[in-house]
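# Breakdown of the fold
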2 protein chains.
Amino acid sequence: MDLEETCIESKSVYQGGFLHVHCDSVLLPDGQSAVREYITHPGAVAVLALLDNGNLIMERQFRYPPQCEFIEIPAGKIDLNEEVLATGQRELLEETGYVASEWIYLTTSWACIGYSDERIYYFLARGLTLQKQALDNGEFLEVFELPLAEAIEMIHRGKINDSKSIVGLFWLEKYLRDWKV
Amino acid sequence: MDLEETCIESKSVYQGGFLHVHCDSVLLPDGQSAVREYITHPGAVAVLALLDNGNLIMERQFRYPPQCEFIEIPAGKIDLNEEVLATGQRELLEETGYVASEWIYLTTSWACIGYSDERIYYFLARGLTLQKQALDNGEFLEVFELPLAEAIEMIHRGKINDSKSIVGLFWLEKYLRDWKV
């Protein structure tokens, strides 16, 4: 069964400082046409930063769109022409102050396939050394340590409920227990 | 540490058929101001539909924003004034043709906290009976059965890589093994 939708015409309908919104006319598999609205995004990198004591480096951060605080794994957007590993290293240092001697690629997930092309690349970072946090202008967050088992229990209780962090933490648990080669 | 950002002024900058984009001026914790762009979304419901034979009902669907096919759990947007359980029941029937005698709420996750207020409500649906699929106009997808263990292995190999489906499948595995009361 052919499911593909092909572009007839693509329009940029909003270009903000961060969000770029498109509205395309597409040809459906049955020959009819439809409209698809979506955001183009540079992609992001999320880091499972595991200390030698077995704790993860986590963040508490207020997020404006949902209007509440979240407990999250460190993550940030990919800069123009930046390699994903470099993004992970930069964001971990800027947001938490840590550098890691070992970086292991875990997986890539799509954040929101209905209306965004954002991909999130997940890395495990180990061999951590504390240097100096350097938050972006307008960025406010608190850094703290959390054992993985407690993070999983916080997912269970709905205290960690951002999809990026859930995917990363569940994946890390699987990786450490079953998937490590 | 106070992390909250409060709205100074909110502007609607794009209102499409589906996407509604806002651009707000906000007051930061340090008294400075910043701009936050985001989408408001009605929310969605995702369904882990478990057959008596132990297989899950899955979908193969082309997604236009990322320009590729995905293997996903059934899901759809909440209609105006619709209860989340009703959304789950409606979407499961429309997309797959199944009705369920048992619905168990699992959890709620935020899809994309950086630029959207979308929440996804996850349900486990059991006691399934096949009735008749009734896809929306412009919706094309293939329905198939997949054992949960195989779905988890497909996450491992990156063959299931949409965050909503990863969260739902990992959660279901935990629920069936550890979290069920």
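Keep in mind it's a predicted model, so treat the numbers as computed, not measured. (Residues numbered from 1 in each chain as written. Chains lettered and ligands numbered in written order. Predicted model: local features only at pLDDT ≥ 70, side-chain atom pairs only at ≥ 80, totals over all residues. Heavy atoms only, no water.)

## Considerations on the interface of chain B and chain A
In this assembly, 67 residues from chain B lie in contact with 67 residues from chain A. Together, the buried faces of chain B and chain A total about 6200 Å²; carbon and sulfur atoms form 66% of this surface. The largest contributions to the chain B side of the interface with chain A come from Tyr64, Ile113 and Tyr115 of chain B, which together make up 13% of the buried area. Applying the counting criterion to the chain B and chain A interface returns two salt bridges. The closest approach of N and O atoms between Lys174 of chain A and Glu173 of chain B, which form a salt bridge, is 2.9 Å. (Contact = heavy atoms within 4.5 Å. Buried area = accessible area lost by both parts, 1.4 Å probe. Salt bridge = Lys/Arg side-chain N within 4 Å of Asp/Glu carboxyl O.)

## Here's the deal with the packing of helix H3 (residues 163–179) of chain A against helix H2 (residues 148–156) of chain B
For the pair H3 of chain A and H2 of chain B, interaxial distance at closest approach is 12 Å and the crossing angle is 100°. As far as their axial angle goes, H2 of chain B and H3 of chain A are roughly perpendicular. Contacts from Trp171, Lys174 and Trp179 of chain A in H3 of chain A reach Ile152, Glu153, Ile155 and His156 of chain B in H2 of chain B. Here the residues of the contact of H3 of chain A with H2 of chain B are counted per class, giving four nonpolar, one polar and two charged. (Axes fitted to C-alpha atoms, helices over the stretch in contact; angles between N-to-C directions. Helix = DSSP H or I, 4+ residues; strand = E, 2+ residues; numbered from the N terminus. Parallel < 35°, antiparallel > 145°, perpendicular 65-115°, else oblique. Nonpolar A, V, L, I, M, F, W, Y, C, P; charged D, E, K, R; others polar.)

## Side note on helix H2 (residues 148–156) of chain A
Listed as buried for H2 of chain A are Leu148, Ala151, Ile152, Met154 and Ile155 of chain A. Buried residues of H2 of chain A, seen end-on, are gathered within an arc of 155° and therefore sit on one face of the element. In the core, the buried residues of H2 of chain A are packed alongside strand S5 (55–63), strand S6 (68–72), strand S10 (141–147) and H3 of chain A together with helix H3 (163–179) of chain B. At the exit of H2 of chain A stands Gly158 of chain A, carrying a positive phi of roughly 80°. (Buried < 20%, exposed > 50% of the residue type's maximum accessible area, 1.4 Å probe, protein only. Arc of directions from axis to C-beta.)

## Notes on empty space enclosed by the protein
Following the criterion strictly, the structure yields one cavity of 30 Å³ or more and no others. Roughly 40 Å³ of volume is contained in the largest cavity. When residues of the lining of the largest cavity are traced back to their parent elements, those giving at least two are H3 of chain A together with H3 of chain B. (1 Å grid on protein atoms, 1.4 Å probe; cavity = no way out; pocket = protein on both sides within 12 Å on 5 of 7 lines; lining within 4 Å. Points joined across faces, edges and corners; volume = space filled by probe spheres on them.)

## With respect to the pattern of salt bridges
All told, the structure shown has 30 salt bridges over all chains when counted by the stated rule. We note a salt bridge from Glu72 of chain A to Arg63 of chain A, for which the minimum N-O separation is 2.8 Å. Pair check on accessibility: Glu72 of chain A and Arg63 of chain A agree, each one buried. Residue Glu82 of chain B is joined to Arg90 of chain B by a salt bridge in which the shortest nitrogen-to-oxygen separation is 2.7 Å. Taken together, the salt bridges that share partners define one network made up of Asp79, Glu82, Arg90, Glu91 and Glu94 of chain A.

## Remarks on the sheet that holds strand S4 (residues 44–49) of chain B
All names here are of chain B. Strand order in the open sheet made by the four strands is S7-S4-S9-S8, with mixed pairing throughout. A single partner strand is all that each edge strand has here, and the edge strands are strand S7 (75–77) and strand S8 (98–110). Between one strand and the next, the sheet's axes are offset by a mean angle of 25°, whatever the strand orientation. Taken together, the six bridges between S4 and strand S9 (residues 119–130) define a ladder with parallel strand orientation. Within S9, the residue paired with Val47 across the bridge is Phe123. Running at roughly 65° to S9, H3 makes contact with S4, S7, S8 and S9 of the sheet. (Pairing = 2+ DSSP bridges.)

## Considering the domain arrangement of chain A
It is common to give the size of an interface as the accessible area that goes away when the parts come together. All names here are of chain A. Entries for chain A in the domain assignment read domain 1 (6–40) and domain 2 (44–178). For domain 1 versus domain 2, the separation of C-alpha centres amounts to 30 Å. At the junction of the two partners, domain 1 supplies five residues and domain 2 supplies five residues. Carbon and sulfur atoms make up 57% of the area that domain 1 and domain 2 hide from each other, which totals about 340 Å². Area buried by domain 1 at its contact with domain 2 is led by Phe18, Ile39 and Thr40, which between them contribute 77% of it. At the surface where domain 1 touches domain 2, the tally comes to zero salt bridges. Where domain 1 packs against domain 2, one counts two residue pairs in polar contact (both at pLDDT 80 or more). Residues of the side of domain 1 that touches domain 2, tallied by class, amount to three nonpolar, one polar and one charged. (Domains from an automatic or database assignment. Polar contact = N/O pair within 3.5 Å; in protein donor to acceptor, adjacent residues only side chain to side chain.)

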